[in-house]
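What follows is the residue order along each chain.
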Amino acid sequence: MKKPYADASSALEGITFDGMTIMAGGFGLCGIPENLIAALRDSGVRNITAISNNAGVDGFGLGMLLNTRQIKKMISSYVGENKEFERQYLAKELELEFNPQGTLAERIRAGGAGIPAFYTKTGVGTLIAEGKEHKDFDGETYVMERGLVADISLVKAWKGDKEGNLIFRKTARNFNPMMATAGKITIAEVEELVEVGELDPDQIHTPGIFVQRIIQSKNLEKRIEQRTTRTRGE
Amino acid sequence: MAWTREEMARRAAKELRDGFYVNLGIGIPTLVANYIPDGMTVTLQSENGMLGMGPFPYEDEVDPDLINAGKQTITELPSTSYFSSSDSFGMIRGGHIALSILGAMQVSEKGDLANWMIPGKMVKGMGGAMDLVAGVKKVVIIMDHNARDGSPKFLKHCDLPLTGVGVVDMVISDVGVFTIDETGVTLIELAPHITVEEAKKRTEASFKIAKELHK
């Protein structure tokens, strides 16, 4: 089975369906699978449940799928950068499940590692723990959270080889490694797709077993949300 | 004179200790990084997956792959490491971070914190705040003592949805510094020209006055 595909659209061909659950990597707009999100929009698939820390910005990243009303539900920790999201949610056009960021990361890690549930202190006594099983360990109360898996995970890496081995760069790593493990099918887009043997095996962050399809990114924008700089001499 | 944002940040920096790993929230808490005492090693964690945050970049150093949890471009240091979000929250939940400094909408006299949601109005999400207050050893809040309409934010009970229950150890506001522990709330320090009477008038939470109140 060959993992490399010509482009994002062909990598998604035959595996999308209405009502599917996807995961999309990234923190804000850093490390998001730009090509794959655009191709998912173009596929026309609807009623998507999207698991992603954020919801992009208006018209970019997952924001593109909000504009076209392809997303039915989001599972996220923070969506404050997206006005269209807030509007759709307050108008009850969109379902939203807030997860604390660390709980979201751990739910995905657990899902990918075959762990159906775990206990955490995070959120005990708050809205997000309501209706969930609680248990005391060593005198402290914990809440049970379930592992998460997806029909398709869309991840972004810096370098990848044709076996699907991935290396991430700086803070663009974020949710991508866990999401790669939690997709029934994981598609990676990489800035540099290289031959097997060109990556140092000791430096690989995500082993190829977690990646079923891989593409080379094209025309990445890599937008910056908050460009903050200092001036020389200050 | 009540403390300014910078003065609150400077006061919060007094809670830093050499060797601390620290997570600073968005807004005023971020300013605390400007007041780390010379000669003290404090490592800043950014929950999106970085330890050892450097200053903002020069214009020609800006890298879209290098941002902090506020989505601002930043730089790395020689000591920096990068990791996944699950490793990052392993550090936080696992109690490896010594101190977190965060903002608040409301704090209660039992140390409850509300800072993520106003029902029907503001839908942004908690981000990493619930994990931070549940897992970090010491939680310090920097906030304006009163809301814009003058109503108190330091209350007997929070009426906004909570971020955590009994998680706040210290409140630093424009009025002064309060500690919260099993014995309740104690006023330990007043901003210049603020009297105990004024502090009481502007606070709904009940508090004791420290024997050696710092003025």
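Residues numbered from 1 in each chain as written. Chains lettered and ligands numbered in written order. Predicted model: local features only at pLDDT ≥ 70, side-chain atom pairs only at ≥ 80, totals over all residues. Heavy atoms only, no water.

### A few points about the overall build of chain B
Reasoning step 1: Within chain B one finds five helices and 15 strands.
Reasoning step 2: Relative to the 2.2 N^0.38 estimate, which gives 17 Å for 215 residues, the radius of gyration of chain B is 17 Å and therefore close to what a compact globule would have.
Reasoning step 3: Projected onto its principal axes, the C-alpha positions of chain B cover 50 × 40 × 30 Å.
Reasoning step 4: Burial status across chain B gives 60% buried among its 215 residues. (Helix = DSSP H or I, 4+ residues; strand = E, 2+ residues; numbered from the N terminus. Rg over C-alpha atoms; globule rule 2.2 N^0.38 Å. Buried < 20%, exposed > 50% of the residue type's maximum accessible area, 1.4 Å probe, protein only.)

### Observations regarding the overall build of chain A
Reasoning step 1: For chain A, the helix and strand inventory stands at six helices and 11 strands.
Reasoning step 2: Expected size for 234 residues packed as a compact globule is a radius of gyration near 17 Å; at 18 Å, chain A falls within 12% of this value.
Reasoning step 3: Across its three principal directions, the C-alpha atoms of chain A cover 55 × 50 × 40 Å.
Reasoning step 4: Residue burial in chain A is summarised as follows: out of 234 residues, 53% are buried.
Reasoning step 5: When contacts within chain A are restricted to residue pairs at least 6 apart in sequence, long-range pairs at least 24 apart make up 72% of them.
Reasoning step 6: Just so you have it, chain A exposes about 10100 Å², and 46% of that area is on carbon and sulfur atoms.
Reasoning step 7: Of the charged side chains in chain A, 30 are positive and 32 negative, and the gap between their average positions amounts to 2 Å. (Contact = heavy atoms within 4.5 Å. Areas by Shrake-Rupley, 256 points an atom, 1.4 Å probe, with all protein chains shown as cover. Lys, Arg positive; Asp, Glu negative; His and termini not counted. Charge placed at Lys NZ, Arg CZ, Asp CG, Glu CD.)

### Remarks on the nonpolar core
Reasoning step 1: Val32, Val107, Ile141, Phe154 and Val171 of chain B are the most contacted members of the largest nonpolar core, which has 57 residues in total.
Reasoning step 2: Considering every element that reaches this core, the biggest residue donor is strand E10 (residues 138-143) of chain B, with five residues.
Reasoning step 3: Not counting the four nearest positions on each side in its chain, valine 32 of chain B is found in contact with Ala9, Ala12, Ala13, Leu16, Leu24, Ile101 and Ile142 of chain B.
Reasoning step 4: Counting 37 residues, the second largest nonpolar core, distinct from the first, contains Leu12, Ala24, Ile152 and Ile187 of chain A. (Core = buried A, V, L, I, M, F, W, Y, C linked by side-chain atoms within 4.5 Å.)

### Quick look at the confidence of the model for chain B
Reasoning step 1: Of the residues in chain B, 100% reach a pLDDT of 70 or more, and the chain-wide mean stands at 96.
Reasoning step 2: Of the two predicted TM-score estimates for the complex, the pTM is 0.97 and the ipTM is 0.96. (pLDDT = per-residue confidence, 0-100.)

### A few points about the environment of tyrosine 89 of chain A
All names here are of chain A.
Reasoning step 1: When you line up the elements, tyrosine 89 lands in helix H4 (residues 83-90).
Reasoning step 2: Here tyrosine 89 falls in the partly exposed class, since its relative accessible area comes to 26%.
Reasoning step 3: In the structure, tyrosine 89 is positioned 12 residues away from serine 77 in sequence and 14 Å away in space, judged by C-alpha atoms.

### Let's talk about helix H5 (residues 101-112) of chain A
Residue and element names in this part refer to chain A.
Reasoning step 1: When the terminal C-alpha atoms of H5 are compared, their 17 Å separation across 12 residues agrees well with the 16 Å that a helix rising 1.5 Å per residue should span.
Reasoning step 2: Listing the buried residues of H5 in full gives Gln101, Gly102, Thr103, Leu104, Ala105, Glu106, Arg107, Ile108, Ala110 and Gly111.
Reasoning step 3: Taken from the residues just after H5, glycine 114 is the one with a positive phi, measuring 75°. (Expected span 1.5 Å × (residues − 1).)

### Some words on the packing of aromatic side chains
Reasoning step 1: On inspection of all chains with the given rule, the structure shows five aromatic pairs over all chains.
Reasoning step 2: A ring pair is formed by phenylalanine 178 of chain B and phenylalanine 207 of chain B, whose centres lie 5.2 Å apart and whose planes are at 75°; its orientation type is edge-to-face. Of this pair, phenylalanine 178 of chain B sits in strand E13 (residues 176-181) while phenylalanine 207 of chain B sits in the loop between helix H5 (196-201) and strand E15 (208-214), and the two are 29 residues apart along the sequence. Like phenylalanine 207 of chain B, phenylalanine 178 of chain B is buried.
Reasoning step 3: Members of the aromatic cluster, joined through ring pairs, are Tyr119, Phe137 and Tyr142 of chain A. (Phe/Tyr/Trp six-rings, centres within 6.5 Å; stacked < 30°, edge-to-face > 60°.)

### Quick look at the interface of chain B and chain A
Reasoning step 1: Facing the 50 residues of chain B at the interface are 51 residues of chain A.
Reasoning step 2: When chain B packs against chain A, close to 4400 Å² is buried across both sides, 58% of that on carbon and sulfur atoms.
Reasoning step 3: The largest contributions to the chain B side of the interface with chain A come from Asp65, Lys71 and Val123 of chain B, which together make up 19% of the buried area.
Reasoning step 4: Taken together, the links from chain B to chain A amount to six salt bridges.
Reasoning step 5: The salt bridge involving lysine 170 of chain A is made with glutamate 76 of chain B; its shortest N-O contact spans 2.9 Å.
Reasoning step 6: Taken together, the connections running from chain B to chain A amount to 29 residue pairs in polar contact (both at pLDDT 80 or more).
Reasoning step 7: Looking at the side of chain B that touches chain A, the elements that each hand over two or more residues are strand E4 (76-82), helix H3 (85-93), strand E9 (122-123) and helix H4 (129-135) of chain B.
Reasoning step 8: Of all the elements, H3 of chain B adds the most residues to the side of chain B that touches chain A, at four residues.
Reasoning step 9: For the side of chain B that touches chain A, the class distribution of residues is 23 nonpolar, 15 polar and 12 charged. (Buried area = accessible area lost by both parts, 1.4 Å probe. Salt bridge = Lys/Arg side-chain N within 4 Å of Asp/Glu carboxyl O. Polar contact = N/O pair within 3.5 Å; in protein donor to acceptor, adjacent residues only side chain to side chain. Nonpolar A, V, L, I, M, F, W, Y, C, P; charged D, E, K, R; others polar.)

### Describing the layout of surface pockets
Reasoning step 1: Estimated volume of the second largest pocket: approximately 460 Å³.
Reasoning step 2: Val133, Ala134, Val165, Gly166 and Val167 of chain B are the residues nearest the centre of the second largest pocket, which is lined by 24 residues in total.
Reasoning step 3: Looking at the lining of the second largest pocket, the elements with two or more residues in it are strand E7 (140-146) of chain A together with H4 and E13 of chain B.
Reasoning step 4: Element by element, the count of residues in the lining of the second largest pocket is highest for H4 of chain B, at four residues.
Reasoning step 5: For the lining of the second largest pocket, a count of residues per class yields 10 nonpolar, seven polar and seven charged. (1 Å grid on protein atoms, 1.4 Å probe; cavity = no way out; pocket = protein on both sides within 12 Å on 5 of 7 lines; lining within 4 Å. Points joined across faces, edges and corners; volume = space filled by probe spheres on them.)

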